[in-house]
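Here's the letter readout for the chains.
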Amino acid sequence: MSDQLIIFDTTLRDGEQSPGASMTRDEKLRIARQLERLKVDVIEAGFAASSNGDFECVQAIARAVRESTICSLSRANDRDISRSAEALKDAARARIHVFIATSALHMEKKLRMTPDQVFEQARQSVRFARNLVGDIEFSPEDGYRSDPDFLCRVIEEVIKEGATTINVPDTVGYAIPELYGNFILDLRQRIPNSDKAIWSVHCHNDLGMAVANSLAGVKIGGARQVECTINGLGERAGNCSLEEIVMAVKTRRDYFGLDVNIATEHIVPASRMVSQTTGFVVQPNKAVVGANAFAHASGIHQDGVLKARDTYEIMRAEDVGWSANKIVLGKLSGRNAFKQRLQDLGVQLESETDINAAFLRFKDLADRKSDIFDEDILALVSEESVAH
Ligand code: KIV
Ligand code: ZN
C-alpha cells in the first residue's frame, strides 16, 4: 500500500456549503491559487451543475490551476456529469466526483428510491462518467450509516465500472474514530476488487471528531486520501480541518508513517485568506492556525521555550507560516521572558539591578493591565538607559 496520503481540499465546494460562506468567482480563484501554492493534490472546485455561477468557477479554476487535480462534484446522473466534464475540459488533470446516497434513511425518505434503483443508478453513472474522464471518484453519501452489505455490493460494482477513488463519507458526523476506522477496513477486506481503487475518508465535525475519525480511517482503515477544508469550514459544524490533519500526520510521522505533499509554510496565509473572504473568524485557540496556537503566557512555559523551544512546542510556528512563536508578556511572565523582550527591542539596561527594578515595575503594571504591548515596556525603562 502507498505511503503517500493524498490531500483533497473541498473548501470551495463542501466548505462553501457552510451557511453564509458563499464566495464570488474571483474569491474562489484566489483561494484555488493559494491551495495550489499549498500543493494540495486535489482541489474540489465546486459543483458545476448546481448553477451557471458554479460552472464558471469550476471552469475558471480548471483553466488557471495547473499543478493540482481539479474536481467537480456531480449527482449520479448524466446531466450533472456532462456539466462537470464540460467545466473541467481545460484542466491539466480532471476528476469527476459522483455521489448518491446509500443509507436506508436517505434512499427511502430523500431519494424515494429502492436500493436496487440506487445500485443501478450508481453503476450507470460511473460508467457514463468514465467515458468522459479517466479519474472518477465515487461517494456513497451517508456511507457510514449505510448497510455494509449493500455498500459492498455498490462499491464492488462501481469499481468494476472504473471508479478509481472510493470515498466513504460520514455525512452527518456520527462516527467514532475506532468504529469508523474498522468500518473502512471491513469494507476493504470484504470487497474483492477493493485494491483497484484508492480509499478516501470524508468526515463531518458534528461531534467534534472529524479529524480523529479521518485519522482512524487512515490508520486503521488504510485510507490514502483525506477530504478536508481550510479552517474546517463546512456545513453545520464543518469538515475535517486541513491544517490539523496535515500537521498531525507530519508531526506524528513516527506513528502514521505517511508522507504528505503539502507546503506547510503556506497554511497560515491560506487560513487567513479563507477567514477574511468568508468572514468566518478563526478562534484564538484553534490548533495550528489560531492566534494563540504558538503563544506562551505562563512564566514557566516562557522560560522553557526560551531555553529550548521543544519544551513546549511540538511543531515550529515558522513551519506552518507564522513569522515566529509568540511570548505573550503578562502577569504570569517570568524575568527571563522579560529580559529576552528587552533584548529583542534593542533595550540595554546597565546592570542586573536595573533589569530587576524594571522587571518589578513591569509586574506591577501587568497586575493592572491585561495586555502589555512593546510600547508599555519601552515606557517602563528610563530614556537614558535605552541604546538604539
Ligand atoms: O458529506 C457528504 O456526504 C458529501 C458528499 C457529497 C461527498 O459532501
Ligand atoms: Zn460533506
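What you see is a predicted model, and the numbers here were worked out from it, not measured in a lab.

A. Local environment of the overall build of the protein chain. The number of helices and strands found in the protein chain is 15 helices and ten strands. Considered along the principal axes of its C-alpha atoms, the protein chain spans approximately 85 × 40 × 35 Å. Of all 388 residues assigned to the protein chain, the portion counted as buried reaches 46%. For the protein chain, contacts bridging at least 24 residues in sequence account for 73% of all contacts bridging at least 6.

B. Inspection of the sheet that holds strand β7 (residues 198-203) at higher detail. Read around the closed barrel, eight strands run β1-β2-β3-β4-β5-β6-β7-β8, paired in parallel fashion. Direction aside, the axes of adjacent strands within the sheet are offset by 25° on average. For strand β4 (residues 94-101) and strand β5 (residues 135-141), the ladder comprises seven bridges, and the chain directions are parallel. For H97, the partnering residue across the bridge sits in β5 and is E137. Along the sheet, helix α3 (residues 78-87) contacts β3 (69-75) and β4; its crossing angle with β3, the most-contacted strand, is approximately 160°.

C. Molecular detail of the packing of helix α6 (residues 148-160) against helix α7 (residues 177-190). Between α6 and α7, the least distance of the axes is 10 Å, while the angle of their chain directions is 50°. Put simply, α6 runs oblique to α7. Between α6 and α7 lies a crossing whose hand is right-handed. Residue-level inspection shows P148, L151, C152 and I155 of α6 in contact with α7, the latter providing D186, L187 and R190.

D. The arrangement of the site of ligand 1 in detail. Taken together, D14, F99, S139, E141, P169, T171, H202 and H204 form the complete shell of residues around ligand 1. Of the residues belonging to the shell around ligand 1, the class tally is two nonpolar, four polar and two charged.

E. Summary view of the nonpolar core. Core analysis: the largest hydrophobic core is formed by 96 residues, its most contacted members being I7, I43, A45, I70 and I245. Leave out the neighbours within four places in its chain, and I43 touches D9, L12, A32, L35, I61, V65, S68, I70 and C71. I327, L342, L349 and V381 belong to the second-largest nonpolar core, a separate cluster that totals twelve residues.

F. Here's a closer look at the UniProt feature "domain: Pyruvate carboxyltransferase" (unreviewed entry) in the protein chain. Residues annotated by UniProt as "domain: Pyruvate carboxyltransferase" (unreviewed entry) correspond here to residues 5-268. Between the end C-alpha atoms of residues 5-268 the distance is 21 Å, and the span holds 43% helix and 18% strand.

G. Representation of the environment of D142. As for its placement among the helices and strands, D142 is situated in the loop between β5 and α6. Residues D142 and T171, spaced 29 residues apart in sequence, show a C-alpha to C-alpha distance of 4.9 Å. Those residues in contact with D142 that sit more than four places away from it in its chain are A101, T102, S103, H106, P169, T171 and V172.

H. Up close: the pairing of strand β8 (residues 225-228). Burial of β8 is two-sided: the residues Q225 and E227 facing one way and the residues V226 and C228 facing the other way are all buried. By the bridge criterion, four bridges tie strand β1 (residues 6-9) to β8 in an arrangement that is parallel. Its bridge partner being in β8, I6 is matched across the sheet by Q225. For the crossover that starts at β7, traverses helix α8 (residues 210-219) and ends in the parallel β8, the hand is right-handed.

I. Representation of the environment of D9 in the model. Relative to the helices and strands, D9 is located in strand β1. Residue classification places D9 among the buried positions, given that 29 C-beta atoms sit within 10 Å. In this structure the C-alpha to C-alpha distance between D9 and A60, which are 51 residues apart in sequence, comes to 17 Å. Every residue in contact with D9, bar those within four places of it in the chain, is listed here: L35, V40, I43, E44, C228, T229 and L242.

J. Structural view of unusual backbone geometry. Unlike most non-glycine residues, K39 shows phi in positive territory, near 70°. Take K39: it is sitting in the loop between α1 (25-37) and β2 (42-46). Residue K39 is classed as partly exposed on the basis of its 15 C-beta neighbours within 10 Å. Of note, the phi angle at R236 is positive, near 50°, even though the residue is not glycine.

K. Just α8, in detail. In terms of burial, α8 is largely enclosed, as nine of its ten residues are buried. Within α8, burial applies to A210, V211, A212, N213, S214, L215, A216, G217 and V218. In this structure, the buried residues of α8 make contact with β6 (165-170), α7, β7, β8, α9 (242-251) and α10 (253-256).

L. Spotlight on the UniProt feature "binding site: Mn(2+)" (unreviewed entry) in the protein chain. Mapped onto this numbering, the UniProt entry gives "binding site: Mn(2+)" (unreviewed entry) at D14, H202, H204 and N239. These annotated residues cover 226 residues of sequence, but their C-alpha atoms sit close together, with the largest distance between any two at 10.3 Å. On the basis of neighbour count, H204 is assigned to the buried category, with 25 C-beta atoms found within 10 Å. Excluding residues within four positions of it along the chain, H204 makes contact with D170, T171, V172, G173, A210, G234, E235, R236, A237 and N239. Not counting residues up to four positions away in its chain, the partners in contact with N239 are T10, D14, G15, H204, N205, A210, C228, T229, G232, L233 and G234.

M. Just the pairing of β5, in detail. Extensive coverage of β5 is indicated by the burial of seven of its seven residues. Relative to β6, β5 is paired through two bridges, and the arrangement is parallel. Bridging across to β6, E137 finds its partner in T165. This β-α-β element, β5 to α6 to β6, shows right-handed connectivity.

Cut-offs and rules
- Residues numbered from 1 in each chain as written.
- Chains lettered and ligands numbered in written order.
- Predicted model: local features only at pLDDT ≥ 70, side-chain atom pairs only at ≥ 80, totals over all residues.
- Helix = DSSP H or I, 4+ residues; strand = E, 2+ residues; numbered from the N terminus.
- Buried ≥ 20, exposed ≤ 12 C-beta atoms within 10 Å, placed from the backbone.
- Contact = placed C-beta atoms within 7 Å.
- Pairing = 2+ DSSP bridges.
- Axes fitted to C-alpha atoms, helices over the stretch in contact; angles between N-to-C directions.
- Parallel < 35°, antiparallel > 145°, perpendicular 65-115°, else oblique.
- Left-handed = near helix turned anticlockwise from the far one by under 90°.
- Near = placed C-beta within 6 Å.
- Nonpolar A, V, L, I, M, F, W, Y, C, P; charged D, E, K, R; others polar.
- Core = buried A, V, L, I, M, F, W, Y, C linked by C-beta atoms within 7 Å.
- UniProt positions renumbered as here; feature names shortened; annotations may be inferred.
- Right-handed = clockwise from strand over helix to strand, strands pointing away.

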